[in-house]
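# Structural description and commentary
Listed here are the chains, written in short residue letters.
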Amino acid sequence: MPRPQLKTLTAPDGTVFRDLDHDQRMAPFEDPRRNSAERADDLVRRMSVEEKAGLLFHDIIEIGPGGSLLEAAGEVARSSTRELVVDQLINHVNVLALPSARESAQWSNALQELAATTPHSIPVTVSTDPRHSFAENFGAALAAGAMSAWPEPLGLAALSDPERVREFADIARQEYVAVGIRSSLHPQIDLGTEPRWGRQFHTFGNDSSFVAEVAAAYIEGFQLDRDLGPTSVATMAKHFPGGGPQLDGEDPHFSYGREQVYPGDRFEEHLIPFRRAIEVGTSALMPYYGMPIGLELNGEKIEEVGFGFNRQILTGLLREQLGFQGVICTDWSLLTDMAAFGKPLPARAWGVEYLSELERFVKVIDAGADQFGGEARPELVLQALQQGLISEQRLDESVRRLLLVKFQLGLFDDPFVDEDAAEDILGRDDFRAVGRRAQAESMVLLRNEPAATAPLLPLTGASKVYVEGVAEQEAARLGEVVADPDAADVAVVRLPAPFDPRDDLFLESFFHQGSLDYRPGLVARLRDIARTTPLVISANLERPAVLTPFTEFATAIITDVGASSAALVDVLIGAIPPQGTLPFEVPRSSEAVRRSQSDVPNDTEDPLFEHGAGLRYS
């Protein structure tokens, strides 16, 4: 079956409509001729408080076997799909792993059919973290799977071209819509000013003007129109007011990274991309977990609580000063402790850990947020209303904003997808080809010394090659692969980014944090290879690692932020020349990083490679 049958009625005046409230008559919110604002206003007046409560939560969802609805709690999802959608009336969900294109589309249709059994058939808005690249992190990003594969956003930034980002966004939009994903929990437009921060691979670097223009291109590529439409994906730009300047680079997913600092007094610089995102009409914004330390704005000391709890930031700055009228959705799990895969993860209630869950809920609502990410606690809404801690009028303000987006996306009129088309669109050959070229061209050539009489790259005369970290089939394109580097004409070694492994809390192992130095044993082994064989080092720079030791012996150094073995070999043999430039500076030492200021871009002393560095093949 290509898609479910859309069940409609015809009004006496001939208007075809969906009978969303099951009463055989066309209410104003069911009338497709009315504008989205009128329809949202009408529906708000008809909803029960239980339905309104469900709208305020944006929980995690998993897909069952073969594209079925999950019948019990999952690995991360805390409820079955029916419990979530029908019992709790939650209709914003963040989907984790996707199966095949057809199974994903089947699941989406089954989900919307289930939602059509609720009192007003409020359709489900399915959202996702980024899922077109190489990183796999349940808390931040997902690998491409059946979709086309691209560099991480930081890799796209190395192309220095907002139009390439717009091209990516448009292709990603088509693939999302094909399987019913209508909300992107991105772009991440923080400035990566703290070199140690583990989330910067999903930023677009640290140049505020460039990131602002990329943000506009990205949002326009996904949304198509600031008022959205039936082929749009609503964007949720994050993390307001800029999550880059984390103390010591530690991430606020975890209590040891909760402090956000501004030693260089650059708060306003971090706002620049968000001002642009608001200007072009991003549908939603997400504040980060971090709590500002010692921050003053306009002579007023800012409360040292997480940004999702901070009224001065969300209402005073975002709503009143910047004029943002869209949805504010918190980052995930501000209220409730969670656990998954046998590991705990406390609620990220930084600065208000002492408050009860109900008190945290009220503080977030009072701060100005509309929706709670990663939570399913509608009972807190009912308790707060019963105790007079919030008013139904305040509740309705958020409910209206959330409904408006659903109407703008056309979900009330037709939430279903074509399963045949999904198979044709996801990972289409031309999409994959454009993504592969972007992977290759985004690579940054930092060193290319002569081997004999000419620069080593591109490789043209190698007959025997020693390789590490390159897929066997692709390595064969370089020449005869040998097991002994001493017997090779050239050695190619691909390196993951350095970090300190941690695995005490849920998600912690996915976040690459801590040291930017490569292990001394690795450095010594590569130095030995280079004594007898010209060495190409291909380094992943999801963070600006300390490459200094390699400059002493590597003949060539090339970097990427998300590229396949095929794309790397394309570059090494010259089929696609590298075009990237560094979206940050590469520090000379970890000590230089420790002496730098977390909120100031490119602030390390005597960097090894400057921001914007990048060689070309001659």
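That block above? That's the structure.
### Overview of the side chain of Asp31
- By secondary structure assignment, the location of Asp31 is in the loop between strand E2 (16-17) and helix H1 (36-46).
- Among the polar contacts listed, one links the side chain of Asp31 to the backbone nitrogen of Arg33, at a separation of 3.0 Å.
- Apart from residues lying up to four places away in sequence, Asp31 is in contact with Thr15, Met26 and Arg39.

### Notes on the sheet that holds strand E20 (residues 464-468)
- What the six strands build is an open sheet, ordered E17-E24-E23-E22-E20-E21; its pairing is mixed. Both edges of this open sheet fall to strand E17 (444-448) and strand E21 (480-481), since each of them pairs with a single strand only.
- Where helix H17 (residues 565-572) meets the sheet, its contacts fall on strand E22 (490-495), strand E23 (535-540) and strand E24 (556-560), and the angle it forms with E22 comes to roughly 140 degrees.

### Details of empty space enclosed by the protein
- Applying the stated criterion to the full structure yields six cavities of 30 Å³ or more.
- Of the pockets and cavities examined, the second largest cavity occupies roughly 150 Å³.
- Surrounding the second largest cavity, 15 residues form its lining, His92, Ser183, Met236, Ala284 and Val405 being those nearest its centre.
- When residues of the lining of the second largest cavity are traced back to their parent elements, those giving at least two are strand E7 (234-240) and helix H12 (392-408).
- A breakdown of the residues in the lining of the second largest cavity according to their chemical character gives seven nonpolar, seven polar and one charged.

### Points about the sheet that holds strand E3 (residues 57-61)
- Read from one edge to the other, the open sheet built from eight strands follows the order E13-E9-E7-E6-E5-E4-E3-E16, with strand pairing classed as parallel. Two strands close off the open sheet at either side, each with one partner strand: strand E13 (327-328) and strand E16 (372-373).
- As paired elements, strand E6 (residues 181-184) and E7 share two bridges and run parallel to each other. Looking across to E7, one finds that Ser183 is bridged to Ala234.

### Observations concerning unusual backbone geometry
- For the bond running from Lys238 to His239, omega is 5 degrees, close enough to zero to count as cis.
- Following Phe240, the chain continues into Pro241 via a peptide bond in cis, with omega recorded as 0 degrees.
- Unlike most non-glycine residues, His22 shows phi in positive territory, near 65 degrees.
- Inspection of the secondary structure assignment puts His22 in the loop between E2 and H1.
- Owing to a relative accessible area of 41%, His22 belongs among the partly exposed residues under this scheme.
- The backbone of Asp248 shows a phi angle near 60 degrees, a positive value even though the residue is not glycine.
- Position of Asp248 among the secondary structure elements: in the loop between E7 and strand E8 (259-260).
- Take Asp248: its relative accessible area is 44%, and that puts it in the partly exposed class.

### Overview of helix H9 (residues 311-321)
- Three or more residues of H9 are buried, namely Ile313, Leu314, Thr315, Leu317, Leu318 and Arg319.
- At the N-terminal boundary of H9, the capping side chain belongs to Asn310, with an oxygen 3.2 Å from the backbone nitrogen of Gln312.
- Once H9 ends, the next one or two residues include Gly323, with phi positive near 75 degrees.

### Structural notes on the pattern of salt bridges
- Scanning all chains against the criterion turns up 50 salt bridges.
- A salt bridge links Arg102 to Glu419; the shortest N-O distance between them is 3.9 Å. Residue Arg102 is found in helix H4 (residues 101-115), and its partner Glu419 is found in helix H13 (residues 419-425); the two are separated by 317 residues along the sequence.
- When its relative accessible area of 21% is taken as the criterion, Arg102 is described as partly exposed.
- In this structure Glu419 comes out as buried when scored by relative accessible area, which is 6%.
- Among the ionic pairs, Arg173 bridges to Asp170, the shortest N-O distance being 2.8 Å. You can see Arg173 and its partner Asp170 sitting in helix H6 (residues 162-178), three residues apart, about one turn around the helix.
- Look at Asp170 and you get partly exposed, because its relative accessible area is 25%.
- Residues joined by salt bridges that share partners form a network here, namely Asp13, Asp31, Arg33 and Arg34.

### Describing the packing of aromatic side chains
- Counted by the stated rule, this structure contains 17 aromatic pairs.
- With centroids separated by 5.3 Å and ring planes inclined at 90 degrees, the aromatic side chains of Phe254 and Phe511 adopt a geometry described as edge-to-face. In this pair, Phe254 is assigned in the loop between E7 and E8 and Phe511 in the loop between E22 and helix H16 (520-532), connecting sequence segments 257 residues apart. Considered together, Phe254 and Phe511 belong to a single accessibility category, that of buried residues.
- With a centroid separation of 3.9 Å and an interplanar angle of 15 degrees, the aromatic rings of Phe407 and Phe412 are classed as stacked. The same class applies to Phe407 and to Phe412, which are both buried.
- Here the aromatic residues Trp150, Phe168, Tyr176, Phe204, Tyr218 and Phe222 are joined through ring pairs into a cluster of three or more.

Parameters at a glance
- Residues numbered from 1 in each chain as written.
- Predicted model: local features only at pLDDT ≥ 70, side-chain atom pairs only at ≥ 80, totals over all residues.
- Heavy atoms only, no water.
- Helix = DSSP H or I, 4+ residues; strand = E, 2+ residues; numbered from the N terminus.
- Polar contact = N/O pair within 3.5 Å; in protein donor to acceptor, adjacent residues only side chain to side chain.
- Contact = heavy atoms within 4.5 Å.
- Pairing = 2+ DSSP bridges.
- Axes fitted to C-alpha atoms, helices over the stretch in contact; angles between N-to-C directions.
- 1 Å grid on protein atoms, 1.4 Å probe; cavity = no way out; pocket = protein on both sides within 12 Å on 5 of 7 lines; lining within 4 Å.
- Points joined across faces, edges and corners; volume = space filled by probe spheres on them.
- Nonpolar A, V, L, I, M, F, W, Y, C, P; charged D, E, K, R; others polar.
- Buried < 20%, exposed > 50% of the residue type's maximum accessible area, 1.4 Å probe, protein only.
- Salt bridge = Lys/Arg side-chain N within 4 Å of Asp/Glu carboxyl O.
- Phe/Tyr/Trp six-rings, centres within 6.5 Å; stacked < 30°, edge-to-face > 60°.

That is the geometry; function is a separate question.
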